Amino acid sequence: MPTSGASRFSRAAALLSAVILLPTLAASQDKDPGEKAIEARQGFMQVVVWEAGPLFGMAKGDIAYDAEQATANAENLDAVLMYDVGRLFIEGTSKSEYTGKTRALAKIWEDMSGFADAYQELRDRVDVVVEEAGKGQEALAAAVSEMGKQGCGNCHDDYRAEEF
Amino acid sequence: MRRLLIGACLVLAAGAVAFWVLTRPDTIAAADLPDHTPDPEHGAYVFHAAGCNSCHAAPEAEGEEKMRLGGGLAFETPFGTFRAPNVSPDPEHGIGGWSDVDFVNAVMRGLAPDGSHYYPAFPYPSYQRMTVEDVLDLKAYMDTLPAVAEPSPGHDLPLPLRVRRGIGLWKRLYMDYRPFQPGEGADEQLKRGAYLVTGPGHCGACHTPRNMLGGPEPERAYSGGPAPEGDGTIPNITPHEDGIGDWSVGDIKTALRTGLLPDFESFGGDMVAVQENMAELTEADREAIAVYLKALPPRPSWWKK
């Protein structure tokens, strides 16, 4: 199909407007501090799962128990949790402000000390996992099960919405 | 005028008689109990399947404390606060002085030894489906538990609900006193799962939503809903995508055994105590429960829409 002058013009116009609009689009891609904090939290969680995942798998019997691997996962999980995750929960970044992006309930900010206690409880349960990880599948499973219910669950039940 | 007064009195009297008749306790007679030698060891197994200590032990109890059934959990419901009573073998505060038939009537009929009704926070609508043999074994085991010499914590209820006689009407609506009926054509595993879930396991006591009268809503069975207390929700455990549709039988078995769920989640809240009892069952029974749950009609989480 031969291109008409009119269509060539409209294509040029479209290109031009795209060039003009590009910087504004790029600017809107820039994230505000709240979004960055949410992304950092979710990234932190991915690292936690990277180490906790194989522990859950071995505890459940989905993957074969390996004392060395379990100990490595537990020690690294312990190291990751040295980080004070409260620093990522900056004011105004609950699900109420960022619906669709985070499941963090406003309750976190209303009850920061309870949230911090829950995180400390997780650390304590992970210490037990570090101790038990090398002592066989059953010992690991018992410690991971407690960590799940009394550690992970503390925050996931009380401070997290079911949906984004 | 006098005739009107007599008429009114007659209507009132008829109403009172009807109420009295309709709310009569429907007791099992001692003579109707089967000839059964109780087996306390099997009773311990039934105890875990029925999760008695999930409510009757002190909340957060661990280890040996979980076997001290002095009463515990409080249920904050729209009707008021119910508290699980002392069911330890203490003769004064617990159930130490009870006969076998007293215990069977309590568990399967929701009746105290004096014939008064218990509130249906006690899951007798589920326990009515248990076999009498299981209930007798359970009593034999509970007789071996430590006596707790503490009075039961009482309920906090508004005045009209303090009249227990009225519960007889509720029972007319929601109790049928029928034993467990396995579905047509169900295999042994499915039947066993159905018995455990609908009878002793009383899963529906929490996971089936209740109507305004506190009766179960069968068309929403096992689809969960807003928790009666707090702002949490009770999960949908039907094989719908809103529920456990993407869990395998293995996932359910693992969850009941370890408390660990797919996607690195774990059981929380009241389900922790339930799971700890489920962990005591045989792998075959956990599998039967899982197979039965996967065979339930899938229902959406009605409260989310």
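This one's a predicted model, so the numbers in the text were calculated from it and none came from an experiment.

Asks: Sorry, what's going on with the overall build of chain B here?
Replies: For chain B, the count of helices and strands is 13 helices and four strands. In summary, chain B has a C-alpha radius of gyration of 21 Å against a globular reference of 19 Å for 305 residues, a match within 12%. With the principal axes as the frame, chain B shows a C-alpha extent of 75 × 50 × 40 Å. A burial count over chain B gives 37% of its 305 residues as buried. Across chain B, contacts joining residues at least 24 apart in sequence account for 64% of those joining residues at least 6 apart.

Asks: Whenever I open this one, the overall build of chain A confuses me. Can you help?
Replies: The number of helices and strands found in chain A is six helices and zero strands. Reading the secondary structure of chain A in the N-to-C direction produces α-α-α-α-α-α. Put simply, of all contacts in chain A between residues at least 6 apart along the chain, 69% involve residues at least 24 apart.

Asks: Got a minute to help me understand the nonpolar core in this structure?
Replies: Burial of nonpolar side chains together is a common tendency in soluble globular proteins. Counting 81 residues, the largest nonpolar core has Leu55 and Val144 of chain A as the members making the most contacts within it. Considering each element in turn, this core owes the most residues, seven residues, to helix α6 (residues 137-158) of chain A. Sequence-distant contacts of Val144 of chain A, that is, excluding residues within four places in its chain, are made with Leu55, Phe56, Ala59 and Val129 of chain A together with Leu260 of chain B.

Asks: Can you help me understand α6 of chain A in this one?
Replies: Because an α-helix packs 3.6 residues into every turn, residues spaced three or four apart end up facing the same way. The end-to-end C-alpha distance of α6 of chain A, which contains 22 residues, comes to 30 Å, matching closely the 32 Å that a straight helix rising 1.5 Å per residue would cover. Of all the bends found along α6 of chain A, the most pronounced is centred on Cys152 of chain A and spans about 45°.

Asks: For this particular structure, what's the right way to read the interface of chain A and chain B?
Replies: Accessible area lost on assembly of the parts is the figure often given for the size of an interface. Between chain A and chain B, the residue contacts involve 16 residues of the former and 12 residues of the latter. Of all elements in the fold, only α2 (33-60) and α6 of chain A reach the threshold of two or more residues within the side of chain A that touches chain B. Considering each element in turn, the side of chain A that touches chain B owes the most residues, nine residues, to α6 of chain A. Here the side of chain A that touches chain B is composed, by residue class, of seven nonpolar, five polar and four charged.

Asks: Could you clarify how one ought to interpret helix α12 (residues 271-278) of chain B in this entry?
Replies: For α12 of chain B, the tally of buried residues reaches six of eight residues, placing the bulk of the element in the interior. Every buried residue belonging to α12 of chain B is among Met271, Val272, Ala273, Val274, Gln275 and Met278 of chain B, and all of these are buried. Packed against the buried residues of α12 of chain B are α6 of chain A together with α3 (52-56), α11 (249-258) and α13 (283-295) of chain B.

Asks: Any chance you could explain the pairing of strand β1 (residues 74-77) of chain B here in plain terms?
Replies: In regular strands, side chains alternate between the two faces of the sheet. Residue and element names in this part refer to chain B. Note: β1 against strand β2 (residues 80-83), four bridges, orientation antiparallel. Looking at β2, one finds that Phe75 is bridged to Phe82. What sits between β1 and β2 in their antiparallel hairpin is a turn of two residues.

Asks: Can you help me understand the confidence of the model for chain B in this one?
Replies: Fine structural detail should not be taken from predicted coordinates in areas where pLDDT scores are low. On average, residues of chain B carry a pLDDT of 93, and 99% of them reach 70 or more. The complex prediction reports pTM at 0.85, with the ipTM value standing at 0.71.

Asks: Help me out: how do you make sense of the environment of Pro228 of chain B in this one?
Replies: All names here are of chain B. When you line up the elements, Pro228 lands in the loop between β3 (225-226) and β4 (233-234). It is 7.0 Å that separates the C-alpha atoms of Pro228 and Glu76, two residues lying 152 residues apart in sequence. Setting aside anything within four residues of it in sequence, one finds Pro228 in contact with Thr77 and Pro78.

Asks: For this particular structure, what's the right way to read the confidence of the model for chain A?
Replies: On average, residues of chain A score 87 in pLDDT, and 82% of them reach the 70 mark or higher. In the predicted structure, residues 1-5 of chain A sits below a pLDDT of 50 and forms one contact with residues beyond four places in sequence or in another chain.

Asks: What is the right way to look at unusual backbone geometry in this model?
Replies: Residues other than glycine predominantly adopt negative phi, and peptide bonds predominantly adopt the trans conformation. Residue and element names in this part refer to chain B. Located in the positive-phi region is Tyr222, a residue other than glycine, with phi close to 65°. Position of Tyr222 among the secondary structure elements: in the loop between α10 (204-207) and β3. Positive phi, close to 65°, is recorded for Asp263, a residue that is not glycine. Note that Asp263 resides in the loop between α11 and α12. Asp263 gets classed as exposed once you count the C-beta atoms within 10 Å, which come to 11.

Asks: For this particular structure, what's the right way to read the packing of helix α4 (residues 100-109) of chain B against helix α6 (residues 132-142) of chain B?
Replies: For any two helices packed against each other, one specifies the inter-axial angle together with the distance between the axes. All names here are of chain B. Running from N to C, α4 and α6 point in directions that differ by 115°, and their axes come no closer than 10 Å. Handedness of the crossing formed by α4 with α6: right-handed. In this structure, α4 contributes Asp100, Phe103, Val104, Val107 and Met108 to the contact, and α6 contributes Val132, Val135, Leu136 and Lys139. In the contact of α4 with α6, the residues fall into seven nonpolar, no polar and two charged.

Asks: So what exactly am I meant to see when it comes to the packing of α11 of chain B against α13 of chain B here?
Replies: Residues and elements named next belong to chain B. In contact at an axis separation of 9 Å, α11 and α13 are set at 130° when each is read in the N-to-C sense. When the axes of α11 and α13 are compared, the pair comes out oblique. For the pair α11 and α13, the crossing hand works out as right-handed. Contacts from Val249, Ile252, Lys253, Leu256 and Arg257 of α11 reach α13 at Arg286, Glu287, Ile289, Ala290, Val291, Leu293 and Lys294.

Asks: Explain the environment of Leu33 of chain B to me, please; I cannot follow it from the model alone.
Replies: Residues and elements named next belong to chain B. Looking at the element boundaries, Leu33 is found in the loop between α1 (2-22) and α2 (40-50). Classification of Leu33 by C-beta neighbours within 10 Å gives partly exposed; the count is 16. Each C-alpha atom of the pair Leu33 and Ser99 lies 12 Å from the other, and the pair is 66 residues apart in sequence. When near neighbours in sequence (up to four residues on either side) are disregarded, Leu33 contacts Asp100, Val101, Val104 and Val132.

Asks: Any chance you could explain the environment of Ile244 of chain B here in plain terms?
Replies: All names here are of chain B. The residue Ile244 is located in the loop between β4 and α11 in this model. Residue classification places Ile244 among the buried residues on the basis of 24 C-beta atoms within 10 Å. Through-space distance from the C-alpha of Ile244 to that of Pro298 is 9.1 Å; in sequence the pair is 54 residues apart. If sequence neighbours within four positions are ignored, Ile244 has contacts with Ile237, Pro239, Ile252 and Leu293.

What counts, and at which threshold
Residues numbered from 1 in each chain as written. Chains lettered and ligands numbered in written order. Predicted model: local features only at pLDDT ≥ 70, side-chain atom pairs only at ≥ 80, totals over all residues. Helix = DSSP H or I, 4+ residues; strand = E, 2+ residues; numbered from the N terminus. Rg over C-alpha atoms; globule rule 2.2 N^0.38 Å. Buried ≥ 20, exposed ≤ 12 C-beta atoms within 10 Å, placed from the backbone. Contact = placed C-beta atoms within 7 Å. Core = buried A, V, L, I, M, F, W, Y, C linked by C-beta atoms within 7 Å. Expected span 1.5 Å × (residues − 1). Bend = angle between axes of the 7 residues up to and from the residue. Nonpolar A, V, L, I, M, F, W, Y, C, P; charged D, E, K, R; others polar. Pairing = 2+ DSSP bridges. pLDDT = per-residue confidence, 0-100. Axes fitted to C-alpha atoms, helices over the stretch in contact; angles between N-to-C directions. Left-handed = near helix turned anticlockwise from the far one by under 90°. Parallel < 35°, antiparallel > 145°, perpendicular 65-115°, else oblique.

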